[in-house]
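Observations on the model geometry
Spelled out from the first residue to the last, the chains are:
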Amino acid sequence: MSDAPRSRRRSGLLAALALTALLAVYVGVVALRALQLVGTGRAVGVVLGIALLVVPLLVVVLIGRELLLAVRVQRMADALAAAGRLPVDDLPRSPSGRVDRAAARAAFDPYRARVEADPDDWEGWYHLGFAYDAAGDRRRARAALRTAARLHRGRPAATDLP
């Protein structure tokens, strides 16, 4: 592996850890303020305090879910790279580096057909997720990658395609 991808991976990890640390500080400060509001004993303070406790907790759960997905996607990528079956990004790009959406949509059909033919193939779902991402559909890309991760861990897939 060359030093450039390793350096990018390390800097991405450091950025994620730094943002997670900042989130932890934020959640700590908000939780302290929320407990102070609940401690006032006044109805408005108690309601606001509870709301301040629920919202950061929800944010932490959602971020944790995304981080867990990222770890699982990386494990799948490592397995595919070891087998020489990692998807190749050879789509045409604009001078600014953006993927040509029309080409991405045209290249999308084989990945979808593969998943329709074998809905229990985690590798097919993985490739479909990146095809969705290239086509600009981030919501469906995440859903496909979640299905791939579930299948990779040996759990059954959802029955509907994203």
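A brief report on the enclosed structure follows. If you're wondering where the values come from, they're calculated on a predicted model, not measured in any experiment.

**Quick notes on the packing of helix α4 (residues 122-134) against helix α5 (residues 138-152)**
In the contact formed by α4 and α5, the axes pass within 8 Å of each other and the chain directions differ by 165°. Considering the angle they form, α4 stands roughly antiparallel to α5. Crossing of α4 against α5: the hand is left-handed. Residue-level contacts link Trp122, Trp125, Tyr126, Leu128, Gly129, Phe130, Tyr132 and Asp133 of α4 to Arg138, Arg140, Ala141, Ala144, Leu145, Thr147, Ala148, Leu151 and His152 of α5. When its residues are assigned to classes, the contact of α4 with α5 shows eleven nonpolar, three polar and three charged.

**Concerning the pattern of salt bridges**
For the structure shown, the criterion picks out eight salt bridges. Here Glu66 ties to Arg142 by a salt bridge, and the two come within 2.7 Å at their closest N and O atoms. Here Glu66 is found in helix α2 (residues 43-83), whereas its partner Arg142 is found in helix α5, with 76 residues between them in sequence. Owing to a relative accessible area of 26%, Glu66 belongs among the partly exposed residues under this scheme. The partly exposed category is assigned to Arg142, whose relative accessible area is 40%. A salt bridge links Arg85 to Glu123; the shortest N-O distance between them is 2.9 Å. Taken together, the positions of Arg85 in the loop between α2 and α3 (101-117) and Glu123 in helix α4 put the pair 38 residues apart, joining distant regions of the chain. A network of salt bridges, in which partner residues are shared, links Arg85, Arg114, Asp121 and Glu123.

**Considering the environment of Asp100**
With respect to the helices, strands and loops of the structure, Asp100 is situated in the loop between α2 and α3. Assessed through its relative accessible area of 36%, Asp100 is described here as partly exposed. Here the alpha-carbon distance between Asp100 and Ala135, two residues 35 residues apart in the chain, equals 8.3 Å. Residues in contact with Asp100, not counting those within four places in the same chain, are Pro92 and Arg93.

**Considering the packing of aromatic side chains**
Applying the stated criterion to the full structure yields two aromatic pairs. The interplanar angle of 55° and the centroid separation of 4.8 Å between the aromatic rings of Phe108 and Tyr132 together place this pair among those described as tilted. Residue Phe108 is located in helix α3, and its partner Tyr132 is located in helix α4; the two are separated by 24 residues in the primary sequence. Here the two residues Phe108 and Tyr132 agree in accessibility, since each one is buried. Centroid distance Tyr126 to Phe130: 4.9 Å. Interplanar angle 50°. Geometry classified as tilted. Within this pair, Tyr126 and its partner Phe130 are both found in helix α4, separated by four residues, close to a single helical turn. For Tyr126, a relative accessible area of 4% gives the class buried.

So, how was this worked out
Starting from 1, residues in each chain are numbered consecutively following that chain's sequence as written. Only residues with pLDDT of 70 or above have their local features reported here, since the model is predicted, and side-chain atom pairs are shown and tallied only from 80 upward, although totals for entire chains, interfaces and linings are computed over all residues. Hydrogens and water molecules were not included; the side-chain quantities draw on all heavy atoms of the structure. Between the N-to-C directions of two axes lies an angle of 0 to 180 degrees, each axis being a line fitted to C-alpha atoms and, for a helix, fitted only over the stretch in contact. For helices the rule is a DSSP run of H or I covering at least 4 residues; for strands it is a run of E covering at least 2, with both sets numbered from the N terminus onward. Any angle that falls under 35 degrees is termed roughly parallel, while one over 145 is termed roughly antiparallel, one within 65 to 115 roughly perpendicular, and all others oblique. Note on convention: near helix rotated counterclockwise from far helix by under a right angle means a left-handed crossing. Clockwise means right-handed. Any two residues having at least one pair of non-hydrogen atoms within 4.5 Å are treated as being in contact. Under the scheme applied here, ten amino acids are nonpolar (Ala, Val, Leu, Ile, Met, Phe, Trp, Tyr, Cys and Pro), four are charged (Asp, Glu, Lys and Arg), and all others, including Gly, are polar. Whenever Lys or Arg places a side-chain nitrogen within 4 Å of a carboxyl oxygen from Asp or Glu, that contact is recorded as a salt bridge. Think of it in three bands: with a 1.4 Å probe and only protein chains considered, a residue is buried below 20% of the maximum accessible area for its type, exposed above 50%, and partly exposed in between. Any two rings among Phe, Tyr and Trp, with Trp reduced to its six-membered ring, count as a pair given centres within 6.5 Å; such a pair is stacked if its planes are under 30 degrees apart, edge-to-face if over 60, and tilted if neither.

As far as function goes, none of this settles anything; it's purely spatial.
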